[in-house]
Amino acid sequence: GQFLEMDLNTRRNLELCENMRTKEKRGSLYWVLDKTKTAMGKRLLRSWLTKPLLNITAINLRQNAVEELISDAILRGEIAENLIGIRDIERTMTKIVYGSCSAKELRSVAETAEKFPQIKNLLSDVKCKKLITKFNNDKKYERIIQEFKFYTLPNSNYFSISVLDSEWLPAKNLTNLGPQVVTN
């Protein structure tokens, strides 16, 4: 595989995500490294720690991306500032697909998607193209902007959604959202 397989005892002894004595995050490697600003970033960091890469090229690309962000405090600060208010899009998109999200959560997707062009612009001049390539390859976020149009109706708890790709978000799931959502 592409990740190092570690059994439970190995992960526990390395104290990757929790310490051995109290089983708390405090004192673990994750606790030391976690400076993330979003729930998605927290999950990504946890994944990186619990599933280390095996491919040396992939390891070097990831290290170069991290090194560039660490060495450029201004860029890192601007990105951190733009991450303020970013909602957990991965979880919200899952709720949308299963028809269990609220109008407020739909609004948060739209508000979050509006920030992506600014972040992409900040990353446009980076030397390590892994930073921008990851962003460009993550089409699920760009599709939010391209395929959803959110219009606030007079009552701010209601939304009209235009879905251009009905296979990506089946209309049948939207019917479960109740009166909060009106589909076109």
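Residues numbered from 1 in each chain as written. Predicted model: local features only at pLDDT ≥ 70, side-chain atom pairs only at ≥ 80, totals over all residues. Heavy atoms only, no water.

Undergrad: A description of the overall build of the chain should follow, citing residues and the corresponding values.
TA: Scanning the chain from terminus to terminus reveals 11 helices and 3 strands. In the chain, the succession of helices and strands from N to C terminus is α-α-α-α-α-α-α-α-α-α-β-β-α-β. In the chain, buried positions account for 32% of the 184 residues. Contacts spanning at least 24 positions in sequence make up 50% of the contacts within the chain whose residues lie at least 6 apart. Per element, the accessible surface of the chain, about 12,000 Å² overall, is 54% carbon and sulfur. (Helix = DSSP H or I, 4+ residues; strand = E, 2+ residues; numbered from the N terminus. Buried < 20%, exposed > 50% of the residue type's maximum accessible area, 1.4 Å probe, protein only. Contact = heavy atoms within 4.5 Å. Areas by Shrake-Rupley, 256 points an atom, 1.4 Å probe, with all protein chains shown as cover.)

Undergrad: An account of the nonpolar core is needed here, citing residue identities and associated values.
TA: Core analysis: the biggest nonpolar cluster contains 19 residues, and I89, I96 and L123 have the highest contact counts within it. Put simply, the parts of the chain that give this core at least two residues each are α5 (73–83), α6 (89–97), α7 (103–113), α8 (116–122) and α9 (129–137). (Core = buried A, V, L, I, M, F, W, Y, C linked by side-chain atoms within 4.5 Å.)

Undergrad: I'd like to hear about the pattern of salt bridges, residue by residue, with values.
TA: In the structure shown here, the tally under the stated rule is 4 salt bridges. Among the charged side chains, a network of salt bridges with common partners joins K25, D34 and K42. (Salt bridge = Lys/Arg side-chain N within 4 Å of Asp/Glu carboxyl O.)

Undergrad: For helix α3 (residues 39–50), give the residues involved together with the corresponding values.
TA: When the terminal C-alpha atoms of α3 are compared, their 17 Å separation across 12 residues agrees well with the 16 Å that a helix rising 1.5 Å per residue should span. Within the span of α3, buried status applies to M40, G41, L45 and L49. (Expected span 1.5 Å × (residues − 1).)

Undergrad: Describe the packing of aromatic side chains, with residues and values.
TA: Considering all chains together, one arrives at 0 aromatic pairs under this definition. Over the aromatic face of Y30 sits the side chain of R46, whose NZ or CZ is 4.7 Å from the ring centroid. The aromatic ring of F3 is capped on one face by K51, whose charged end is 5.9 Å from the ring centroid. (Phe/Tyr/Trp six-rings, centres within 6.5 Å; stacked < 30°, edge-to-face > 60°. Lys NZ or Arg CZ within 6 Å of the ring centre and 35° of its normal.)

Undergrad: Give a detailed account of the confidence of the model for the chain, specifying residues and quantitative values.
TA: Residues with a pLDDT of 70 or more make up 72% of the chain, whose mean pLDDT is 77. This model gives residues 149–184 a pLDDT under 50, and the stretch forms 73 contacts once residues within four places in sequence are excluded. (pLDDT = per-residue confidence, 0-100.)

Undergrad: Kindly report on α6, identifying the contributing residues and their values.
TA: Turning to α6, its buried residues are I89, T92, M93 and I96. End-on, the buried residues of α6 take up no more than an arc of 100 degrees, which puts them together on one face. At the C-terminal side of α6, G99 shows a positive phi close to 70 degrees. (Arc of directions from axis to C-beta.)

Undergrad: Give a description of the side chain of T92 that names residues and reports values.
TA: Mapped onto the elements of the fold, T92 is located in helix α6. Judged by its relative accessible area of 8%, T92 falls in the buried class. A distance of 3.0 Å separates a polar side-chain atom of T92 from the backbone oxygen of D88. Apart from residues no more than four positions distant in its own chain, T92 is found in contact with E105, S108 and V109. (Polar contact = N/O pair within 3.5 Å; in protein donor to acceptor, adjacent residues only side chain to side chain.)

Undergrad: Lay out the packing of α6 against α7 in plain terms, naming residues and giving numbers.
TA: Relative orientation of the contacting elements α6 and α7 amounts to 135 degrees, with a least axis distance of 10 Å. The orientation of α6 relative to α7 falls into the category oblique. In terms of crossing hand, the pair formed by α6 and α7 is left-handed. Residues I89, T92, M93, K95 and I96 of α6 pack against E105, L106, S108, V109 and T112 of α7. The residue makeup of the contact of α6 with α7, split by class, is 5 nonpolar, 3 polar and 2 charged. (Axes fitted to C-alpha atoms, helices over the stretch in contact; angles between N-to-C directions. Parallel < 35°, antiparallel > 145°, perpendicular 65-115°, else oblique. Left-handed = near helix turned anticlockwise from the far one by under 90°. Nonpolar A, V, L, I, M, F, W, Y, C, P; charged D, E, K, R; others polar.)

Undergrad: Before we move on, could you go through unusual backbone geometry and cite the residues and values that matter?
TA: Its identity as a non-glycine residue notwithstanding, E15 has a phi of 50 degrees, on the positive side. Mapped onto the elements, E15 comes out in the loop between α1 (8–14) and α2 (29–33). Its relative accessible area of 25% is what places E15 among the partly exposed residues. Even without a glycine there, the phi angle at K23 is positive, about 60 degrees. Its place among the elements puts K23 in the loop between α1 and α2. Accessibility expressed as a relative area gives 44% for K23, which makes it partly exposed.

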